[in-house]
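Structure assessment
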Amino acid sequence: MKLCMVGTGYVGLVSGACFAETGNQVVCADIDEKKIERLRAGEVPIFEPGLEEVIERNVAGGRLSFSSDVAAAIAASEVVFVAVGTPSRSDGGADLSAVDKVAETVAESVEREMVLVLKSTVPVGTNTRVRRIVAGAPHPVHVVSNPEFLKEGDAVNDFLRPDRIVLGCDEDGPARDVMGRLYHPVCLDRDRIVWMDPVSAELTKYVANTMLAMRISFMNEIAALCEKVGADVHSVRHGVGSDQRIGSKFLYAGPGYGGSCFPKDVRALVNTGREAGVELELAATTDRVNDRQKGVIARKLKQHFDGDLRGKRVAIWGIAFKPRTDDIRESATLTLIDTLLSEGAQVVAHDPEAMDEARPRYGDRVTFVDDAYDAAMGADALVLMTEWRQYQNPNFDQLAAAMHRKLIVDG
């Protein structure tokens, strides 16, 4: 099947490459000509385990290509996926200008009956909005909502071995048949497709991410309580997670969640409720708790140094918001670094993949080093922020010899 994936970010690039992996002819299109040039040159602009190999294999096999001519790519396709960004507005809602632009281009460029799939994370009502935009197209355009559930750091595996595929479709006709065919290769052992109406599909994405974020914020509050009463949060987590009704996932306390999905989606769900006249108090509180949690490490450091961080050398292990990615969007580490710099501290940071992403933000205000132990050299404190495996069993003798003060704060 001929596919066009509009947008070559995390979702678009992974989805496009994986659809090619399952035998489709895929063009990944983007208006960013420099990004397309890099992809054509074999350079993958994001770090995602396994993605580079999938791209190389399918480019070599002639199933995957890249184009900056979005209109031409759309015109040549049977199915067009929208995987463009939907950044948060100041009120917490989603900016849909890029989605609208793709829909307008489809309406102008379509040369045959087509299925238009909304892969971007979009608020309730976007499917209806897009259908209005493409209503005047010269050929029928069927609009399907297909929110993504790809974990950064394991996105290729999530696509090829999904636990569920949510598809919002109002009709039993061509769109349903096409989507069933597209996802058939990843449903060979069991049918993973969950069919529903488009509004429910749009809402499912926000609700799922908010539920997971809520567990994280709750456990971060419990971690603070454990410190006060002398309990061990790891023991509490293990005891609670052993209850099969609750489960053990997303119960780990930490410095606050980040990334491109959880913060944006929680706020978008709160905004959706507000627009509908429903105050989603648990979701709103989840966001507030997370904002407060992002300052917890800086508060611990200030308390340890009697409120004065001036001139203190702080080593940081981990900049990405989670391991196995170079994504620093809304990372708790950025909040920590910003606070440390504002307090007059010196910051030396290491991350296996994300340093190139952080350098433009900080320039020479932060020292980035290629070896984790070099970061600890002469440090007054070492802060572990991202649980990369290489940080999980450090050489404490080497750290003790390198550091000025023997202080580790484990985020």
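In case you missed it, the structure is sitting above this.
What you are looking at is a predicted structure, and each value in this text was computed from that prediction instead of being measured. (Residues numbered from 1 in each chain as written. Predicted model: local features only at pLDDT ≥ 70, side-chain atom pairs only at ≥ 80, totals over all residues. Heavy atoms only, no water.)

**Side note on the overall build of the chain**
The number of helices and strands found in the chain is 17 helices and 13 strands. What you see for the chain is a C-alpha radius of gyration of 23 Å, in line with the 22 Å of a compact globule of 411 residues. Once the C-alpha set of the chain is aligned to its principal axes, its extents read approximately 70 × 50 × 40 Å. The 411 residues of the chain split such that 52% are buried. Contacts spanning at least 24 positions in sequence make up 75% of the contacts within the chain whose residues lie at least 6 apart. (Helix = DSSP H or I, 4+ residues; strand = E, 2+ residues; numbered from the N terminus. Rg over C-alpha atoms; globule rule 2.2 N^0.38 Å. Buried < 20%, exposed > 50% of the residue type's maximum accessible area, 1.4 Å probe, protein only. Contact = heavy atoms within 4.5 Å.)

**Details of the pattern of salt bridges**
Tallied over the full model, the rule gives 23 salt bridges. Between Asp100 and Arg129 there is a salt bridge, with its nearest N and O atoms 2.6 Å apart. With a gap of 29 residues between them, Asp100 in helix α5 (residues 97-109) and Arg129 in helix α6 (residues 126-134) connect regions that are remote in the sequence. The partly exposed category is assigned to Arg129, whose relative accessible area is 34%. The network of salt bridges with common partners includes Arg267, Asp287, Lys294 and Glu330. (Salt bridge = Lys/Arg side-chain N within 4 Å of Asp/Glu carboxyl O.)

**A closer look at the pairing of strand β10 (residues 346-350)**
Along β10, four of the five residues are buried, which leaves the element largely enclosed by surrounding structure. Summarising the sheet, strand β9 (residues 313-317) and β10 pair through five bridges and their orientation is parallel. For Arg313, the partnering residue across the bridge sits in β10 and is Gln346. The pairing of β10 with strand β11 (residues 366-368) spans three bridges and is classified as parallel. (Pairing = 2+ DSSP bridges.)

**Overview of the packing of helix α9 (residues 198-229) against helix α11 (residues 262-275)**
Across the interface, α9 lies against α11 with an axial gap of 8 Å and an inter-helix angle of 115 degrees. In terms of orientation, α9 and α11 fall into the roughly perpendicular class. Considering only the axes of α9 and α11, their crossing is left-handed. Packed against α9, whose contacting residues are Leu203, Lys205, Tyr206, Val207, Asn209, Thr210, Leu212, Ala213 and Ile216, the element α11 presents Phe262, Asp265, Val266, Ala268 and Leu269 at the interface. Considering only residue class, the contact of α9 with α11 consists of 10 nonpolar, two polar and two charged. (Axes fitted to C-alpha atoms, helices over the stretch in contact; angles between N-to-C directions. Parallel < 35°, antiparallel > 145°, perpendicular 65-115°, else oblique. Left-handed = near helix turned anticlockwise from the far one by under 90°. Nonpolar A, V, L, I, M, F, W, Y, C, P; charged D, E, K, R; others polar.)

**Quick look at the packing of aromatic side chains**
Per the stated rule, a full pass over the model turns up eight aromatic pairs. Where Phe19 meets Tyr183, the ring centres are 5.5 Å apart and the plane angle is 55 degrees; that geometry is what we call tilted. Of the two residues, Phe19 is situated in helix α1 (residues 10-21) and Tyr183 in helix α8 (residues 174-183); the sequence distance between them amounts to 164 residues. The same class applies to Phe19 and to Tyr183, which are both buried. For the pair Phe250 and Phe262, a centre-to-centre distance of 6.1 Å together with 40 degrees between the ring planes defines the contact as tilted. Placement of the pair is Phe250 in the loop between α10 (233-241) and α11 and Phe262 in helix α11, with a sequence separation of 12 residues. According to the relative accessible area criterion, Phe250 is partly exposed, its value standing at 31%. Over the aromatic face of Trp195 sits the side chain of Arg176, whose NZ or CZ is 4.0 Å from the ring centroid. (Phe/Tyr/Trp six-rings, centres within 6.5 Å; stacked < 30°, edge-to-face > 60°. Lys NZ or Arg CZ within 6 Å of the ring centre and 35° of its normal.)

**Regarding the sheet that holds strand β13 (residues 408-410)**
The sheet built from five strands is open, its strands ordered β11-β10-β9-β12-β13 with parallel pairing. What marks the edges here is a single partner per strand, and that holds for β11 and β13. For this sheet, the mean angle separating the axes of adjacent strands, direction not counted, is 20 degrees.

**Considerations on the layout of surface pockets**
Quantified by volume, the second largest pocket comes out at close to 1100 Å³. Around the second largest pocket sit 43 residues that line it, and Gly9, Ala83, Val84, Gly85 and Thr86 are the ones nearest its centre. Mapped onto the lining of the second largest pocket, the elements with two or more residues apiece are α1, α2 (33-40), α5 and α11. Residue contributions to the lining of the second largest pocket peak at four residues, all from α5. A breakdown of the residues in the lining of the second largest pocket according to their chemical character gives 17 nonpolar, 12 polar and 14 charged. (1 Å grid on protein atoms, 1.4 Å probe; cavity = no way out; pocket = protein on both sides within 12 Å on 5 of 7 lines; lining within 4 Å. Points joined across faces, edges and corners; volume = space filled by probe spheres on them.)

**Brief notes about the nonpolar core**
Where a protein is soluble and globular, its nonpolar side chains tend to be buried together. Phe19, Leu51, Phe81, Met179 and Tyr183 are the most contacted members of the largest nonpolar core, which totals 42 residues. Looking at which element gives the most residues to this core, the answer is α1, with eight residues. Core analysis: the second largest hydrophobic core is formed by 31 residues, Leu301, Ala320, Ala332 and Met355 among them. (Core = buried A, V, L, I, M, F, W, Y, C linked by side-chain atoms within 4.5 Å.)

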